[in-house]
Amino acid sequence: MELVVLGAAAGGGLPQWNCAGGQSSRVWAGSLEPQTQASVAVGSKETGYVVINASPDLRQQIILAPQLHPKPKHPDGVRNTPIKGVVVTNADVDNVAGLLNLREKQDLAIYGPTKVLEILRDNPIFEVLDPDFVKQYPLETNEVIRPIKGLEIELFNVAGKAPLYLEESLGSESGHLGFTSGIELRTSSSKTLIISSCAELDQVLLERISTADNLLFDGTVFEDKEMQNFGLGVKTGRRMGHLPISAADGPIAQIANHPVFRKLFFHINNSNPIWDNESDEYKTIQKAGWDICRDGMVIDL
Ligand code: MLT
Ligand code: MN
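Worth saying up front: this structure is predicted, and the values here are computed from it rather than measured.

Ideal values differ by geometry: the angle at a metal is 109.5 degrees with four tetrahedral donors, but 90 or 180 degrees with six octahedral donors. Ligation of the manganese ion (ligand 2) by protein atoms is provided by Asp-94 (OD) and His-267 (NE2), these donors lying 2.1 to 2.2 Å from the ion. With Asp-94 in helix α3 (residues 93-96) and His-267 in the loop between β12 (262-266) and α9 (280-287), this pair connects stretches of sequence that are 173 residues apart. This pair shows no difference in class: Asp-94 is buried, exactly as His-267 is.

Next up, the structure:
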């Protein structure tokens, strides 16, 4: 079984379409590779794949991942896909917009917390996913599913906030509100956590992390005021529901003594200097035993 990083960047991607600052400038200048928005696929040729979060770049990500291509000779005919299902961990644009790429009357299962599925149900654009073919299944905290042979997926609640486009009605504070989740993937030989948004590393979460072999963790910003420092916006990382990498209550400090085999930042914003492996910030995360995800990275599970 393998995990394929379909996209490693946070919302907006790298570069962001309307940004010539931050780390985007290096990509436009050709010195850094572009990266698509956060998503992974988990599975194998034999079992098919489950996609964790459907980013707006999903169509491009499928094209770039041969594992996810339809096959010319298939019992279902020429319209087929190795993608058996999608798990959505929150309803942010960068996690759900890619579902719209999965229309076209293809059997598919969508799993997610009721709170997230309700947001999809309230938005008629997602009706393009024909319910005769696309079934939605609530997946609540601590519930376990086995969507493909040899893979257990457990969802767990993580502190976060309502999607940006619903802040006016649902509020902008972060907390354990059911809007954000992490995913635990278990195979016969490993345990992997995917936590793309995290506003707080509490004791329960730290305990779960201490049992993992691989950790893909929210690497949105290195410093809380990074967007302001680069002139990219006024919001802090915390205001967006993301714990800064370098904060005293952040992942470098809090996960320092945990025996996780592989620690990778994921969902990295285009402001974050860790994209550049010559930067002091990248050297800091490396020294602390971390590295970053990049599009196309494959991890054996
Ligand atoms: C986030 O991760 O903070 C959101 O994806 C931001 C957004 O919705 O643009
Ligand atoms: Mn995001």
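Here the narrative resumes, following the displayed structure.
Moving on, we get to the pairing of strand β3 (residues 48-52). With five of its five residues buried, β3 lies for the most part within the structure. Relative to β3, strand β2 (residues 39-44) is paired through five bridges, and the arrangement is antiparallel. Paired with Val-42 across the strands is Val-50, a residue of β3. Count of turn residues in the β2/β3 antiparallel hairpin: three residues. In this sheet, strand β4 (residues 83-87) lies alongside β3 in parallel orientation, the contact comprising four bridges.

Enumeration according to the criterion identifies 13 salt bridges in this entry. A salt bridge links Glu-154 to Arg-186, with the shortest nitrogen-to-oxygen separation between them at 2.8 Å. With Glu-154 in strand β8 (residues 151-157) and Arg-186 in strand β9 (residues 181-186), this pair connects stretches of sequence that are 32 residues apart. The exposure class of Glu-154 is buried, given its relative accessible area of 10%. A network of salt bridges, in which partner residues are shared, links Arg-146, Glu-152, Glu-154, Glu-184, Arg-186, Lys-191 and Arg-208.

The full set of residues close to ligand 1 is Asp-92, Asp-94, Leu-164, Met-240, His-242 and His-267. Take Asp-94: an N or O atom from its side chain is 2.7 Å from an oxygen atom of ligand 1. Within the side chain of His-242, one N or O atom sits 2.7 Å away from an oxygen atom of ligand 1. Taken by itself ligand 1 offers 270 Å² of open surface, and the protein chains cover 78% of this.

By size, the foremost hydrophobic cluster in this structure holds 57 residues, and its most contacted members are Leu-3, Ile-52, Leu-185, Ile-195, Phe-265 and Ile-285. Here the element with the most residues in this core is β8; it accounts for four residues. With sequence-adjacent residues up to four places away left out, Ile-52 is seen in contact with Ser-39, Val-40, Val-42, Val-87, Thr-89, Ile-153, Ile-183, Leu-185 and Ile-194. One finds Leu-6, Ala-54, Ile-62 and Val-86 within the second-largest nonpolar core, a separate group that totals 28 residues.

Moving on to the state of the cysteines. The tally for this structure, following the rule as stated, stands at zero disulfides. No disulfide involves Cys-198; its sulfur sits 15 Å from the nearest other cysteine sulfur, which is in Cys-293. Classification of Cys-198 by relative accessible area gives buried; the value is 0%.

Attention shifts here to the environment of Ile-292. Assignment of secondary structure puts Ile-292 in strand β13 (residues 290-292). Spatially, the C-alpha atoms of Ile-292 and Trp-28 are 20 Å apart, while their sequence positions differ by 264 residues. Discounting residues that sit within four places of it in the chain, Ile-292 has contacts with Leu-264, Phe-265, Ile-268, Ile-274, Trp-275, Tyr-282, Ile-285 and Met-297.

Another point: the side chain of Ser-55. Mapped onto the elements, Ser-55 comes out in the loop between β3 and α2 (58-64). A relative accessible area of 0% means that Ser-55 is categorised as buried. In this structure the side chain of Ser-55 is engaged in a polar contact, spanning 2.9 Å, whose partner is the backbone nitrogen of Asp-57. In this structure, Ser-55 is in contact with Gln-37, Ala-38, Ser-39, Gln-61, Asp-94, Asn-95, Gly-98 and Asn-101, ignoring residues within four places of it in sequence.

Once that is clear, we can look at the side chain of Gln-61. The topology assignment puts Gln-61 in helix α2. One polar contact links Gln-61 to Thr-36, side chain to side chain, over a distance of 2.8 Å. Residues in contact with Gln-61, not counting those within four places in the same chain, are Leu-6, Gly-7, Thr-36, Gln-37, Ser-39 and Ser-55.

Basis of the calculations
- Residues numbered from 1 in each chain as written.
- Chains lettered and ligands numbered in written order.
- Predicted model: local features only at pLDDT ≥ 70, side-chain atom pairs only at ≥ 80, totals over all residues.
- Heavy atoms only, no water.
- Donors = N, O, S within 2.8 Å, 3.2 Å for Na, K, Ca; no water.
- Helix = DSSP H or I, 4+ residues; strand = E, 2+ residues; numbered from the N terminus.
- Buried < 20%, exposed > 50% of the residue type's maximum accessible area, 1.4 Å probe, protein only.
- Pairing = 2+ DSSP bridges.
- Salt bridge = Lys/Arg side-chain N within 4 Å of Asp/Glu carboxyl O.
- Near = heavy atom within 4 Å.
- Polar contact = N/O pair within 3.5 Å; in protein donor to acceptor, adjacent residues only side chain to side chain.
- Areas by Shrake-Rupley, 256 points an atom, 1.4 Å probe, with all protein chains shown as cover.
- Core = buried A, V, L, I, M, F, W, Y, C linked by side-chain atoms within 4.5 Å.
- Contact = heavy atoms within 4.5 Å.
- Disulfide = S-S within 2.5 Å.

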